[in-house]
Amino acid sequence: MVYFIGAGPGDPELITVKGQRIVKEADVIIYAGSLVNKAIIDCRRVDAEVHNSASMTLEEVIEVMERGVRQGKLIARVHTGDPSIYGAIREQMDILDEKGISYEVIPGVSSFVGSAAAIKKEFTLPGITQTVILTRMEGRTDVPEKENLEKLAQHRASMCIFLSVHMIDEVVKKLAVHYPVTTPIAVVQKATWEDQKIVIGTLADIGDKVREAGINKTAQIMVGDFLGNNYEKSKLYDKDFSHEFRSAKNE
Ligand SMILES: C[S@@+](CC[C@H](N)C(=O)[O-])C[C@H]1O[C@@H](n2cnc3c(N)ncnc32)[C@H](O)[C@@H]1O
């Protein structure tokens, strides 16, 4: 059996209980060493076989899984954050399907929510926005033209931009076509790790702040008015608003 496990953004306590149980029991662990905190797999068995997928190809990863499964072993494939976001798990799952190998996916805390927690913000503020866009800038890997950052910026929703901090000036240029340059923007590097860095500014000054902080990888760029201080109170806890679990106080 193969388990795809979301390791969370960095803090070893942010893996799920279920994910950690599988890591503890696994005979074989294949972890994405470029991003997963090695402390996540410290709880492994002393005799567990460990592979760092950072230096492996897709075929090599599958080969390790297939060999292990043939020998009746439990395989933990550990991805950073949540594996469904830029995790490249679909291609692995499709090959396992073809080979008739069973697997399960255990979700994880994605770095975008780890980053919101680090700066203590809520993406979906009433009266401001009810939408979160997760995306990235095109770089060495394409993004479909209809999802160009400039087009997505038209919504002025809360936006989390992965894999792009090394292109911060280009990101800002595209965002500024629709967001006012006074719009708040935050960059969190290595959210939830001990050496986490947080930089907060506006579209006008974030490029310089990011350079001053020496941030050029493993960072989340978050933009939108959810970072500001204007919003409406939620209806959910409004004393004059009734819902399935509570009547309005004046009813
Ligand atoms: C290949 S993607 C993997 C994303 C991961 N599956 C997730 O759910 O967070 C790597 C990118 O995720 C973001 N990232 C991953 N870990 C991070 C962290 N601890 N803090 C901030 N951003 C992080 C960065 O944008 C990085 O370039």
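Predicted, not measured: the structure shown is a model, and the values here were computed from it. (Residues numbered from 1 in each chain as written. Predicted model: local features only at pLDDT ≥ 70, side-chain atom pairs only at ≥ 80, totals over all residues. Heavy atoms only, no water.)

Undergrad: Which residues make up the pairing of strand E1 (residues 2–6), and what values go with them?
TA: Counted residue by residue, E1 has 5 buried out of 5 residues, so it is predominantly covered. The two faces of E1 match: Val 2, Phe 4 and Gly 6 on one face and Tyr 3 and Ile 5 on the other face are all buried. Relative to strand E4 (residues 75–79), E1 is paired through 5 bridges, and the arrangement is parallel. The partner of Ile 5 across the bridge, within E4, is Val 78. Pairing geometry for E1 and strand E5 (residues 103–106), over 4 bridges, is parallel. Bridge pairing in E5 links Phe 4 to Val 105. (Buried < 20%, exposed > 50% of the residue type's maximum accessible area, 1.4 Å probe, protein only. Helix = DSSP H or I, 4+ residues; strand = E, 2+ residues; numbered from the N terminus. Pairing = 2+ DSSP bridges.)

Undergrad: Describe the domain arrangement of the protein chain, listing the residues and the values that go with them.
TA: One can read the domain layout of the protein chain as domain 1 (2–106) and domain 2 (111–227). Between domain 1 and domain 2, the C-alpha centre-to-centre distance is 29 Å. Between domain 1 and domain 2, the contact holds 10 residues from the first and 12 residues from the second. Around 780 Å² of area is buried between domain 1 and domain 2 when both sides are counted, 73% of it from carbon and sulfur atoms. It is Pro 9, Ile 85 and Tyr 86 in domain 1 that bury the most area against domain 2; as a group they hold 63% of the surface buried on that side. Summed over the shared surface of domain 1 and domain 2, the number is 0 salt bridges. For the interface between domain 1 and domain 2, the tally reads 4 residue pairs in polar contact (both at pLDDT 80 or more). Each residue belonging to the side of domain 1 that touches domain 2 can be placed in one class, and the counts come to 6 nonpolar, 3 polar and 1 charged. (Domains from an automatic or database assignment. Contact = heavy atoms within 4.5 Å. Buried area = accessible area lost by both parts, 1.4 Å probe. Salt bridge = Lys/Arg side-chain N within 4 Å of Asp/Glu carboxyl O. Polar contact = N/O pair within 3.5 Å; in protein donor to acceptor, adjacent residues only side chain to side chain. Nonpolar A, V, L, I, M, F, W, Y, C, P; charged D, E, K, R; others polar.)

Undergrad: Which residues make up the site of the ligand, and what values do they have?
TA: Residues in close proximity to the ligand total 19 residues, the closest being Ile 85, Ser 110, Ser 111, Ala 191 and Ala 219. One of the side-chain N or O atoms of Ser 110 is found 2.8 Å from an oxygen atom in the ligand. At 2.7 Å, a side-chain N or O of Ser 111 approaches an oxygen atom of the ligand. Surface burial for the ligand is 92%, taken as the share of its 570 Å² of free accessible area covered by protein chains. Applying the majority rule of atoms within 2 Å of the grid points places the ligand in the largest pocket. Listing elements by their share of the shell around the ligand, those giving two or more residues are helix H4 (111–118) and strand E10 (219–223). Residue composition of the shell around the ligand, by class: 10 nonpolar, 7 polar and 2 charged. Each of domain 1 (2–106) and domain 2 (111–227) gives at least three residues to the shell around the ligand. (Near = heavy atom within 4 Å. Areas by Shrake-Rupley, 256 points an atom, 1.4 Å probe, with all protein chains shown as cover. 1 Å grid on protein atoms, 1.4 Å probe; cavity = no way out; pocket = protein on both sides within 12 Å on 5 of 7 lines; lining within 4 Å. Sits in = over half its atoms within 2 Å of the grid points.)

Undergrad: An account of the packing of aromatic side chains is requested, with residue identities and associated values reported.
TA: Tallied over the entire structure, the rule returns 5 aromatic pairs. Taken together, a centroid distance of 5.0 Å and an interplanar angle of 55° make the contact between Phe 123 and Phe 226 tilted. In this pair, Phe 123 is assigned in the loop between H4 and strand E6 (132–136) and Phe 226 in the segment after E10, connecting sequence segments 103 residues apart. For Phe 226, a relative accessible area of 1% corresponds to the buried category. Counting every residue linked through ring pairs, the aromatic cluster contains Tyr 86, Phe 112, Phe 123, Phe 162 and Phe 226. Lying over the aromatic face of Trp 193, Lys 190 brings its terminal NZ or CZ to 4.2 Å of the ring centre. (Phe/Tyr/Trp six-rings, centres within 6.5 Å; stacked < 30°, edge-to-face > 60°. Lys NZ or Arg CZ within 6 Å of the ring centre and 35° of its normal.)

Undergrad: Break down the sheet that holds E5 for me, citing the residues and quoting the values.
TA: One open sheet accounts for 5 strands, arranged E3-E2-E4-E1-E5; its pairing is parallel. Here the strands that pair on one side only, and so sit at the sheet edges, are strand E3 (49–52) and E5. Each strand of the sheet is rotated relative to its neighbour by a mean of 15°, with strand direction disregarded. Of the strand pairs in this sheet, strand E2 (residues 28–31) and E4 are connected by 4 bridges, and their pairing is parallel. What sits directly across from Ile 30, in E4, is Arg 77. (Axes fitted to C-alpha atoms, helices over the stretch in contact; angles between N-to-C directions.)

Undergrad: Any chance you could break down the layout of surface pockets for me, citing the residues and the numbers?
TA: Of the pockets and cavities examined, the largest pocket occupies roughly 1300 Å³. When residues of the lining of the largest pocket are traced back to their parent elements, those giving at least two are helix H2 (58–70), E4, helix H3 (90–98), H4, strand E8 (184–189) and E10. Per-class residue counts for the lining of the largest pocket are 19 nonpolar, 19 polar and 7 charged. Here the lining of the largest pocket gathers at least three residues from each of two domains, domain 1 (2–106) and domain 2 (111–227). (Points joined across faces, edges and corners; volume = space filled by probe spheres on them.)

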